[in-house]
Amino acid sequence: MMAFGVACTGAASGMSGSPTTAPSTNGSPAPATAPEEATLAVRSAGYGLVAPIQRSVAVWDGGVVYIAGGLDAANTTVGGVFSMNPTSGHLTPLGSLARPVHDAAAAMISGKLFVFAGGAGVGSDTVQAFDPATGTGSVVGRLPVALSDLAAAQIGDVTYLVGGYDGTRPRSEIYATTDGTTFSTVGHLPVGLRYPAVTQIGGRLVIAGGLASAGPVNDVYTFDPSSGATTLMAHLPAPVAHAAAFTLGGRIYVVGGRDAADTALARASEIDPSTGHVEAEPPLGQPVADAAVAAGRQTLLIGGWNTSTSSKVLLATLRAETATPASQGNGGSAAQGGGGNVYAAIDSKRFRPSVVNDPTFVYVPNGLPGTVEVIDPKTFRIVRRIDLGYRSFPEHVTPSWNMRWLYVDVDGTNELAVIDPRTGKLVRIIHGVEHPYNLYFTPDGTKAIDVAEYYDRLDFMDPHTWKLIKPLTMPCNGPDHLDFSADGSYLLIGCEFDGTVVKVALKTMSVVGTIHVGGLPVDVKLSPNGKVFFVANQGLGGVSVVDPLTMKVLGFIPTANGAHGMAVSRDTTKLYVTNRLAGSISVIDFSTRKVVNTWNVGGSPDMVQVTPNGSQIWVSNRYGTTVEAISTADGHVIRRIEVGGDPHGLAYFPQPGRFSLGHNGVYR
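Residues numbered from 1 in each chain as written. Predicted model: local features only at pLDDT ≥ 70, side-chain atom pairs only at ≥ 80, totals over all residues. Heavy atoms only, no water.

### A look at the side chain of Lys525
Rules: For the purposes of this entry, the term helix denotes a DSSP run of H or I that reaches at least four residues, the term strand denotes a run of E that reaches at least two, and both are numbered from the N terminus. Residues are treated as being in contact if the distance between any of their heavy atoms lies within 4.5 Å.
You can see Lys525 is positioned in strand β41 (residues 521-526). For Lys525, the contacting residues outside a window of four places in its chain are Tyr343, Asp483, Val532, Phe533, Phe534, Met566, Ala567, Val568, Leu575 and Val666.

### Description of unusual backbone geometry
At the junction of Phe653 and Pro654, the peptide bond is cis and its omega measures out at 5° in the coordinates. Tracing the backbone shows Pro654 in the loop between β53 (651-653) and β54 (660-662). Despite not being glycine, His242 shows a phi value in the positive range, around 65°. Along the polypeptide, His242 turns up in the loop between β18 (229-240) and β19 (244-248). Phi is positive for Arg391, which is not a glycine, with a value near 65°. Its place among the elements puts Arg391 in the loop between β28 (381-387) and β29 (394-399).

### Observations regarding the sheet that holds strand β4 (residues 77-84)
Heads up, the rule is: The criterion for strand pairing is that DSSP finds at least two bridges linking the strands in question. Fitting a line to C-alpha atoms yields each axis, with helices limited to the stretch in contact; the angle taken between N-to-C directions then spans 0 to 180 degrees.
What the four strands build is an open sheet, ordered β2-β3-β4-β5; its pairing is antiparallel. The sheet is open, and its two borders are formed by β2 (57-61) and β5 (91-96), each paired with just one other strand. Strand-to-strand twist across the sheet, computed as the mean angle between neighbouring axes with direction ignored, equals 25°. In this sheet, strand β3 (residues 64-71) lies alongside β2 in antiparallel orientation, the contact comprising five bridges. When the bridges of β3 are listed, Val57 appears paired with Ala68.

### Looking at the pairing of strand β15 (residues 204-208)
The line we're drawing: Exposure is judged per residue with a 1.4 Å probe applied to protein chains only, and the accessible area is read against the type maximum: over 50% gives exposed, under 20% gives buried, and values in between give partly exposed.
Where burial is concerned, most of β15 is hidden: four out of the five residues are buried. For strand β14 (residues 197-201) and β15, the ladder comprises five bridges, and the chain directions are antiparallel. Residue pairing in the sheet places Val198 in a bridge with Ile207 of β15. Turn length for the β14-β15 hairpin, with the two strands adjacent in sequence and antiparallel, is two residues, and the turn residue Gly202 shows positive phi of about 55°. Two elements, β15 and strand β17 (residues 215-224), share four bridges in a ladder whose sense is antiparallel. Looking across to β17, one finds that Ala208 is bridged to Val220.

### Digging into the packing of aromatic side chains
Given two aromatic rings, their pairing is described by the distance between the two centres and the angle made by the two planes. Quick reminder of the rule: Only Phe, Tyr and Trp rings are paired, with Trp represented by its six-membered ring, and only when their centres lie within 6.5 Å; those with planes under 30 degrees apart are stacked, over 60 edge-to-face, the remainder tilted. Only when the NZ atom of a Lys or the CZ atom of an Arg is both within 6 Å of the ring centre and within 35 degrees of the ring normal do we say a charge sits over the ring.
In the structure shown here, the tally under the stated rule is 14 aromatic pairs. On the basis of an interplanar angle of 85° and a centroid distance of 6.1 Å, the ring pair of Phe361 and Tyr363 is categorised as edge-to-face. Side by side, Phe361 and Tyr363 carry an identical accessibility label, which is buried. Centre to centre, the rings of Trp401 and Phe659 are 5.6 Å apart; their planes meet at 15°, and the pair counts as stacked. On the criterion of sequence distance, the pair formed by Trp401 in the loop between β29 and β30 (406-410) and Phe659 in the loop between β53 and β54 is long-range, its members being 258 residues apart. By way of ring pairs, the aromatic residues Phe114, Phe116 and Phe183 are connected into one cluster. The ring centre of Tyr490 lies 4.6 Å from the NZ or CZ of Lys503, which sits over that ring.

### Observations concerning the state of the cysteines
As a reminder of what qualifies: Throughout, disulfides are identified as pairs of cysteine sulfur atoms within 2.5 Å of each other.
All told, the structure shown has one disulfide when counted by the stated rule. At a sulfur-sulfur separation of 2.0 Å, the disulfide partner of Cys476 is Cys495. Taking the sign of the torsion about the S-S bond as the criterion, the disulfide between Cys476 and Cys495, at about -45°, is left-handed. Here Cys495 lies in strand β38 (residues 490-495) and Cys476 lies in the loop between β36 (468-473) and β37 (479-484), a separation of 19 residues in the sequence. According to the relative accessible area criterion, Cys495 is buried, its value standing at 0%.

### Re the nonpolar core
Defined as follows: Buried residues of nine kinds, namely Ala, Val, Leu, Ile, Met, Phe, Trp, Tyr and Cys, make up a nonpolar core once their side-chain atoms join them within 4.5 Å.
Ranked by size, the top nonpolar core spans 44 residues in total, and within it Tyr363, Val408, Phe534 and Leu575 carry the most contacts. Residue contributions to this core peak at four residues, all from strand β42 (residues 533-537). Excluding anything up to four places from it in sequence, Val408 contacts Val372, Leu388, Pro394, His396, Val397, Glu415, Leu416, Ala417 and Ile419.

### Things to note about the sheet that holds strand β9 (residues 136-147)
Reading across the sheet, the four strands line up as β6-β7-β8-β9 and stay open at both edges, with antiparallel pairing between neighbours. Each edge of the open sheet carries a strand with a single partner, namely β6 (105-109) and β9. Neighbouring strand axes in the sheet, compared pairwise and without regard to direction, differ in orientation by 20° on average. For strand β8 (residues 124-131) and β9, the ladder comprises seven bridges, and the chain directions are antiparallel. Residue Gln128 lies in a different strand from β9, and its bridge partner there is Val139.

### Focus: the pattern of salt bridges
For clarity, the threshold we go by: Salt bridge, as applied in this entry: a Lys or Arg side-chain nitrogen positioned within 4 Å of an Asp or Glu carboxyl oxygen.
Applying the stated rule across the entire model yields 25 salt bridges. As a salt-bridge pair, Arg169 and Asp166 come within 3.9 Å of each other at their nearest N and O atoms. On the basis of relative accessibility, which here comes to 43%, the residue Arg169 falls in the partly exposed class. Overall, the relative accessible area of 23% leaves Asp166 in the partly exposed class. Asp262 is paired through a salt bridge with Arg258; the nearest N and O atoms lie 3.2 Å apart. The exposure class assigned to Asp262 is partly exposed, which follows from its relative accessible area of 42%. Here the residues in one salt-bridge network are Arg55, Asp103, Arg258, Asp262 and Asp290, joined through shared partners.

Interpretation note: all reported values are geometric properties and have no functional meaning in isolation.
What follows is the structure, encoded as structure tokens:
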């Protein structure tokens, strides 16, 4: 029998992933509410667990989800710890907790998985820590009281433990800890609750439902850590316990659970945190209770119970069912062809005069170690390492619009690290750019766009002062890569976690259209004639072709598993597509929209850059420790270079072009 384990009932919201740390929301206002047309969709993540599990713990950390403990199909308490790749579902056994446990709560603290209390026949006061680096678990502390059936959520660096059962009665205490071993009572619920569903938004806890001494309740409370006050905020349509709670698009969702008859439910409710208004969402595809909630880059419901223990993994997203009325022609028109080529400047191979004397380097950001490796592409040797701090998670190296500076998007510390490309050295740090996962510049150079993926938001900023011009909450989950229309009036952005592509007008900085393409849309590229956009779809294994005027999918080009990053060939006739999960690169002919070559290069090719003469492409291996230089003549790997863990958005600089649109080096 497999000793498998997974998450507490209620959201053990934890660290976000794409390898980045979770955004601190303590003291910040709640995100803007989701648009009315956004509807909750809970469906299969495309993979399942290797064995059924319920009442386990699951927590995001970096780009993985850690899963531990729980009850297996035979109702046996287990203590196994696994890491799960949230894209592929691949599970890696890491070891075991010091003691098997279910109905516990969990959080990541200082790089370790902390598991609080839980049952194994009776409740426990033990605090366990599991170190993923060594695969060892140990008992490191004690709670003030033995508990099971509790929930956890994190706000900033504080972990809150809510409710629980002491073997006699449900408890009302809310405990806080920063180190996982010392606890203070910071508040109380009006009534003791077991199995509450807990999430956080805007620096507050939200506690929904739960099992009181008299049975399930339908109360929804908020707890404000700054005042210690607990306030009744709303009522669910019916009493429920053992449910899951999470936050998406600025709204709170409570799904599944058990009613007073102990029947698993398929209900889902949406709560507006600003008004307390509750609306019923479409029911789940099937009932589920006691699922582990992992809330990070995606929201996953892991395992659970529905008359029997489940091995399913469900993905919760927001889906825009229809475009807003403004999408009917208000976003600007695409170029109508006319023989023009939006990439003519990169085909010329001419450098901007200001960069013609800049030394040629490849800049490779490594997320987890927090470094940028500077490589001489002539010798394939690392000539410099820029250290930004362990777990600072630099994601992409972005050339400024005028190509004068290189910005390192340091997502984990809310900073842009500035490199002078004339020397290849770090010169300063810009603070206060919130979670810059991606950075772009409008074609006219007047605005920078910080893609704050973890907030589902675009922040339009002044690229000179870095002051916020306007935040734009997106009607989707996981906004990621984008590209601009030929006339510079709008952009199209892929939302990786709910299959949506969104159109944004740049003059008004507002959403003017949406389309659901399915899968996991990532990179976006405008065609050379400016008529259509190509969208790499990691979930579907290919490239969707989108008409930006009608916002319809015109076709789909299969490539291989994990289609992720794209780059235009130097002669602008072909599109290179990295297939991150297949370890290959596909070459699409723009004129025929067909794959003309597929190169098996190994690894996990992610972001890609074309050399100025077009003879090579350079790619980072996202799940490995290397970058590769690959021949564009036949696809053979010229050189593989060790750079460190978690390499991501590398930039080959300088490059031909009139200006930079940002990302890791997109030019026109």
